[in-house]
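Breakdown of the fold
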2 protein chains.
Amino acid sequence: MTHLADLNTPAALVDTERMQRNIGIMQSRMNALGVSLRPHVKTAKSLPVAQAQMQAGARGITVSTLKEAEQFFAAGIRDILYAVGMVASKLKLAAALVSRGCALKIIADNAESARAIAHFCSENGVQLKTLIEIDTDGHRAGVLPDSPELIEIGQILHSAGALHGVMTHAGGSYALSTPEALQAMAEQERSRCVRAAERLRQVGLPCAVVSVGSTPTALSAQHLEGVTEVRAGVYVFHDLVMRNIGVCSESDLALSVLTTVIGHQAEKGWAIVDAGWMAMSRDRGTQKQACDFGYGQVCDVHGQPMQGYLMDSANQEHGIIARSGSKDDHITQTLPVGTLLRIFPNHACATAAQFPEYQAIHGDGVLATWPRFYGW
Amino acid sequence: MTHLADLNTPAALVDTERMQRNIGIMQSRMNALGVSLRPHVKTAKSLPVAQAQMQAGARGITVSTLKEAEQFFAAGIRDILYAVGMVASKLKLAAALVSRGCALKIIADNAESARAIAHFCSENGVQLKTLIEIDTDGHRAGVLPDSPELIEIGQILHSAGALHGVMTHAGGSYALSTPEALQAMAEQERSRCVRAAERLRQVGLPCAVVSVGSTPTALSAQHLEGVTEVRAGVYVFHDLVMRNIGVCSESDLALSVLTTVIGHQAEKGWAIVDAGWMAMSRDRGTQKQACDFGYGQVCDVHGQPMQGYLMDSANQEHGIIARSGSKDDHITQTLPVGTLLRIFPNHACATAAQFPEYQAIHGDGVLATWPRFYGW
């Protein structure tokens, strides 16, 4: 078995034991709440990861690009929700997937897109199952559950047999950090999305699917009455942002970046490593949270956090490691040239995207190399 | 010819006319200053771009990873400087390139790395031409020009015939924004690096190469006495950070991201597009500059800037476009669903890295698809 010390650095490591535990915890929760789990595979964009989620009980996946849909469908996963608002120019790509047997679902949050979908379905004799995106937290896209537009969009889609349900994503949950606030946000996400479904049904429109989710709300919901499925992504790896929100602990973090110390500025207390922002990404998601981890938490090669040591700043292929608070006057001895470190990232989705592949590890041994998709 | 309107979005566009002009301006400057230009290809990581730089007169290239060195060497470019501090674990990869005929140069800034290089060269009977990295601005790596370590490292390298010269990168120039400050930084970068070369020569050590550079200092230097070559990277595309520093104007920006409006939040004055941080990167390089462009400057499909319209925030595959200062109450008419836009990025190196390929364009037509390398 390849050992970590034999890897070229920087490298993206996935602790398979932690990943499996994260998958198991989320799946058990969803089973207990009586809903389907449709993991968002945009975090890992890797077939072995999605397969582990399906094996644990997930029914279908969520994707963030049509390229992901194509790649995962080619690998045998049929039930796919493309969770970014559809536009006319992408309908051909979507229809091509459906014609090849993919059970693709798409979303829309405005009358113009709905008309384009309905027109395309009627013209081409295809069915594109469409969920109406609901705004439940003012965070991003979607129509308000009590808006007249909801019914208008529903009617347009239904006229072409394309109305399949409603969906929402309470991304606002990322700004919270107490169990009470997270539970309240989960209930807001649930109740407003269910309210939208009820309004459609009240006017005689079908609404088979009520889809909600984000990792923080999925892990905080107390009940999910009226919901049929939950989507969540980053829970598969977790990260420092999720740790600060309070839905995981440091010992749940399954993704880290392996890096080598290449030099120092001893007077400044710096160790310089060969992982910069190209490896970590420029994501500074913990900057506005209670605990700012810079570009990441430094761990020893075995993954044990070195309390206080952070990646303080980053250039393209250089990361600067320093002890926060009090300068380490012996940094050249603490972290000599050649030392291997692991860095926990702020945001797993962003850091993972910087790598063409993962090293799937168990302990300090590499079990396999897992490729990931990218681009559009 | 494919038209922009036929591209899948998001897509990375390279305006070939602007790129050629940027290349020409930098090459002419270096010719006039009497130094070689060794462009840093980490910005584009694309063969057609590096070839255009070589055709304009560049002598060799600079790379940020050994993978780049391998890829560009395989494509026929021999003279390559790997400008990240060498460590023992990467010497085999470097030596393999040299043994295949690559004129690879490496760098070191500490005695431990120098000893590893010298030992490896002696043991294996190879020559790894090494430049000592000099710290000329306190920004990142390197030894101080007047430090005893400089001579120590020089002697270690020379003992194995590996000492080739000195190099520096005044990354601190990115924090400046007046011609006077930039000229002063360019002179500081030059004079301190030349000082290091002189100290080596004074003790009888060879120092054939004196290599300096960053885009802001390269475009600001008034003379480069004692310097043999200049390295610069981002000038090939330029970006909003360089525009704020003052070394280019908006009409020089050669890289943009093509995106489609997929929805609105009309009450908030938002248009939502299908380019989020996965396309733009999380780089917020203009945040601390005089003009903060959010995640980028919005342009119409032809590349004309729409003054005041910025990408205000970004999720993975969603960008939020808004007018800064005063909300656009007619955003659904200004930017209807389906509208194509181009976004100028903060930092070209970071945004380019998010894409597997570029669309090389002339006007609104696509001339070619240029692949790019990634990973390590």
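It should be emphasised that the depicted structure is a prediction, and the values quoted were computed from it without experimental measurement.

Further remarks concern the pairing of strand E7 (residues 129-133) of chain B. Residue and element names in this part refer to chain B. Within E7, four of the five residues are buried, which leaves the element mostly enclosed by the surrounding structure. When strand E6 (residues 103-108) meets E7, the two strands line up parallel, connected through four bridges. Across the sheet, Ile107 pairs through a bridge with Leu131, a residue of E7. What joins E6 to E7 is helix H5 (residues 111-124), and the crossover it makes is right-handed.

Another aspect to go through is the interface of chain A and chain B. Listed as interface residues are 53 residues of chain A and, on the opposing side, 53 residues of chain B. Counting each side, the surface lost to burial between chain A and chain B is near 4700 Å², with a carbon and sulfur contribution of 55%. In terms of surface lost to chain B, no three residues of chain A exceed Arg140, Tyr374 and Trp376 of chain A, which account for 19% of the buried area on that side. Across the chain A-chain B interface, the total number found is four salt bridges. Where Lys90 of chain A meets Asp274 of chain B, a salt bridge forms, and the shortest distance between an N and an O atom there is 2.6 Å. Between the two partners, chain A and chain B, sit 26 residue pairs in polar contact (both at pLDDT 80 or more).

All names here are of chain A. The N-to-C vectors of helix H1 (residues 16-33) and helix H2 (residues 47-55) enclose an angle of 40°; their axes lie 10 Å apart at closest approach. What the angle tells us is that H1 and H2 run oblique. H1 and H2 meet at a crossing whose hand is right-handed. Across the interface between the two elements, Met19, Gln20, Ile23 and Gln27 of H1 pack against Val49, Ala52 and Gln53 of H2.

Attention now moves to the packing of helix H4 (residues 91-99) of chain A against helix H5 (residues 111-124) of chain A. All names here are of chain A. Axis separation between H4 and H5 bottoms out at 11 Å; the angle between their running directions is 45°. With respect to each other, H4 and H5 are oriented oblique. In the packing of H4 onto H5, the handedness of the crossing is right-handed. Contact with H4, carried on its side by Leu91, Lys92 and Ala95, involves Ala116, Ile117 and Phe120 of H5 and no other residues of that element. Grouping the amino acids of the contact of H4 with H5 by side-chain chemistry returns five nonpolar, no polar and one charged.

By a simple turn and slide, chain A fits onto chain B: the slide is 0.0 Å along the axis, the RMSD is 0.0 Å, and the turn is 180°. The superposition operator between the copies reduces to a two-fold rotation axis. For chain A, the residue whose C-alpha comes nearest the rotation axis is Arg282 of chain A, separated from it by 2.4 Å. When the interface residues of chain A are mapped onto chain B, 100% of them again fall at the interface, so both copies present the same face.

With that settled, consider unusual backbone geometry. Backbone torsion omega between Thr9 of chain A and Pro10 of chain A reads 0°, so that peptide bond is classified as cis. Structurally, Pro10 of chain A can be placed in the loop between strand E1 (2-3) and strand E2 (11-15). Non-glycine residue Lys45 of chain B carries a positive phi angle of around 45°. By the element assignment, Lys45 of chain B lies in the loop between strand E3 (36-37) and helix H2 (47-55). Overall, the relative accessible area of 2% leaves Lys45 of chain B in the buried class. With phi around 80°, Ser281 of chain B is a residue other than glycine that occupies positive phi space. Relative to the elements of secondary structure, Ser281 of chain B occurs in the loop between helix H10 (277-280) and strand E13 (297-300).

The next subject is the packing of aromatic side chains. Residues and elements named next belong to chain A. Applying the stated criterion across every chain yields a total of seven aromatic pairs over all chains. Residues Phe72 and Phe373 carry aromatic rings whose centres are separated by 4.9 Å and whose planes lie at 80° to one another, so their mutual orientation is edge-to-face. Here Phe72 is found in helix H3 (residues 66-74), whereas its partner Phe373 is found in the segment after strand E18 (365-371), with 301 residues between them in sequence. Assessed through its relative accessible area of 16%, Phe373 is described here as buried. One cation-aromatic arrangement involves Lys268 over Trp270; the distance from NZ or CZ to the ring centre is 4.6 Å.

All names here are of chain A. Of all the residues in H4, the buried ones are Leu91, Ala94, Ala95 and Leu97. For H4, the buried positions fall inside an angular range of 155° around the axis, keeping them on one side. With respect to the buried face of H4, the exposed residues turned more than 90 degrees away are Lys92 and Ser99. Residues of H4 that are buried make contact with H3, strand E6 (103-108) and H5.

Residue and element names in this part refer to chain A. Per the counting criterion, the structure on display carries 28 salt bridges over all chains. Across the pair Lys45 and Glu68 runs a salt bridge, and its minimum N-O distance is 3.1 Å. Placement of the pair is Lys45 in the loop between strand E3 (36-37) and H2 and Glu68 in helix H3, with a sequence separation of 23 residues. Ionic contacts of the salt-bridge type, sharing partners, join the residues Arg38, Asp79, Lys105 and Glu229 into one network.

Criteria and cut-off values
- Residues numbered from 1 in each chain as written.
- Chains lettered and ligands numbered in written order.
- Predicted model: local features only at pLDDT ≥ 70, side-chain atom pairs only at ≥ 80, totals over all residues.
- Heavy atoms only, no water.
- Buried < 20%, exposed > 50% of the residue type's maximum accessible area, 1.4 Å probe, protein only.
- Helix = DSSP H or I, 4+ residues; strand = E, 2+ residues; numbered from the N terminus.
- Pairing = 2+ DSSP bridges.
- Right-handed = clockwise from strand over helix to strand, strands pointing away.
- Contact = heavy atoms within 4.5 Å.
- Buried area = accessible area lost by both parts, 1.4 Å probe.
- Salt bridge = Lys/Arg side-chain N within 4 Å of Asp/Glu carboxyl O.
- Polar contact = N/O pair within 3.5 Å; in protein donor to acceptor, adjacent residues only side chain to side chain.
- Axes fitted to C-alpha atoms, helices over the stretch in contact; angles between N-to-C directions.
- Parallel < 35°, antiparallel > 145°, perpendicular 65-115°, else oblique.
- Left-handed = near helix turned anticlockwise from the far one by under 90°.
- Nonpolar A, V, L, I, M, F, W, Y, C, P; charged D, E, K, R; others polar.
- Least-squares fit on C-alpha atoms with pLDDT ≥ 70 in both.
- Phe/Tyr/Trp six-rings, centres within 6.5 Å; stacked < 30°, edge-to-face > 60°.
- Lys NZ or Arg CZ within 6 Å of the ring centre and 35° of its normal.
- Arc of directions from axis to C-beta.

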